[in-house]
Amino acid sequence: MRSKILRALAAALLVGTIAAAAMAPLAPPPIRGPSTTIVNR
Amino acid sequence: MNLFVVYLVCALVGAVIALWRAPAWPRYNLLLAIAATPQVGHVLGIHIRGMFAVSVMAMLLWCCCNYRIAGVPLVAGGAALNMLAMAWHGGAMPVRADILAGLGYHFETGMLLEGSKDIVVHGSPLWLLSDWLPVTTDLFTLIVSPGDLLIVGGVLVWLLFSRTPESERKHLMLAFSTPAASTEKRPRLVQGQSARPALTRLALLAAADPALAERLLRDPFDAADAHPHYHVTLDAHDRATLAAIRARARTVGEFLGELAAEVDGT
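An account of the accompanying structure is given in this report. (Residues numbered from 1 in each chain as written. Chains lettered and ligands numbered in written order. Predicted model: local features only at pLDDT ≥ 70, side-chain atom pairs only at ≥ 80, totals over all residues. Heavy atoms only, no water.)

## Notes on the nonpolar core
Nonpolar side chains tend toward joint burial in soluble globular proteins. With 42 residues, the main nonpolar core has A:Ile18, B:Leu32, B:Met59, B:Trp62, B:Val155 and B:Trp158 as its most contacted residues. Mapped onto this core, the elements with two or more residues apiece are helix 1 (2-22) of chain A together with helix 1 (2-20), helix 2 (30-43), helix 3 (51-65), helix 4 (72-88), strand 4 (141-144) and helix 6 (146-161) of chain B. A total of 7 residues in this core trace back to one element, the largest contributor, which is helix 1 of chain A. Look past the residues within four positions of B:Leu32 in its chain and what remains in contact with it is A:Leu14, A:Thr17, A:Ile18, A:Ala21, B:Met59 and B:Trp62. Core analysis: the next-biggest nonpolar cluster, separate from the first, contains 20 residues, B:Ala203, B:Ala213, B:Leu216 and B:Leu259 among them. (Core = buried A, V, L, I, M, F, W, Y, C linked by side-chain atoms within 4.5 Å. Buried < 20%, exposed > 50% of the residue type's maximum accessible area, 1.4 Å probe, protein only. Helix = DSSP H or I, 4+ residues; strand = E, 2+ residues; numbered from the N terminus. Contact = heavy atoms within 4.5 Å.)

See below:
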């Protein structure tokens, strides 16, 4: 079990590093909807 | 910072798959870290001249060192496509302004997008390699490149289909060995000429390979005939001796001890 956890941690590190080194997706922040603030005139 | 969440999700998926099966382990992973450092710096807004070239070289070297592992050629292909597009735009990934506008984002061309590797362009000769494939859900919007898809495919192939020779070997050893065999002392053969050359050969092969010794204990004739590399021709006398040893021996250690005694004529 311990070796499996170590293997999973190592794989996570490796996959994360591959993604950081080679992948370049764009993850823009979500677009905010129309403001619901009521303005008193 | 959304990009780091994407990387984290990729890492978590990798960890979950690696819990279930053991992929082949790539070598020289420090090269990956060297390749990733300038890219992470770029996302954080740190731009150092020449670092993109370092990143490309390190990634290229890592792929060359590990090209035999399943999935790595796909990762290499994806990285090459991404880095070609990035090299054309000074180390930043191009994303077309009209694609962003179609998703509701309005940015001026030439703008480096914060928290990403992207630069907004009006058009690019390599736009097919740029970020232009939108993945939109209720939770997030992601614009990926064909290279990104290849990399994801390559990593999945690596995690799911590559083999670990070392772990398989351990598994085979566990399948063939018995607790008694592992704790018993193996007898040493006495050097010199033996009157039983075929049995000597068999004893040496069994002493060298515990799996073969285990098979000999179960079916000595079949194991002796079916050795993958060395054929051992047993005459009637040898066969009778093996049958007698097998009848007496209960463990691999006892079997080898009896066989050594017969070979040495003691």
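## Notes on the packing of aromatic side chains
All names here are of chain B. Across all of its chains, the model carries 4 aromatic pairs over all chains by this definition. Aromatic side chains Trp25 and Trp158 sit 6.1 Å apart centroid to centroid with 50 degrees between the ring planes, which places their arrangement in the tilted category. Residue Trp25 is located in the loop between helix 1 and helix 2, and its partner Trp158 is located in helix 6; the two are separated by 133 residues in the primary sequence. Since its relative accessible area comes to 39%, Trp25 is described here as partly exposed. Overall, the relative accessible area of 3% leaves Trp158 in the buried class. Considering the side-chain rings of Trp127 and Trp132, the 5.4 Å spacing of their centres and the 70 degrees angle between planes classify their relative orientation as edge-to-face. Residue classification places Trp132 among the partly exposed positions, given a relative accessible area of 25%. Taking NZ or CZ as reference, Arg96 lies 4.7 Å from the ring centre of Trp127, over its face. (Phe/Tyr/Trp six-rings, centres within 6.5 Å; stacked < 30°, edge-to-face > 60°. Lys NZ or Arg CZ within 6 Å of the ring centre and 35° of its normal.)

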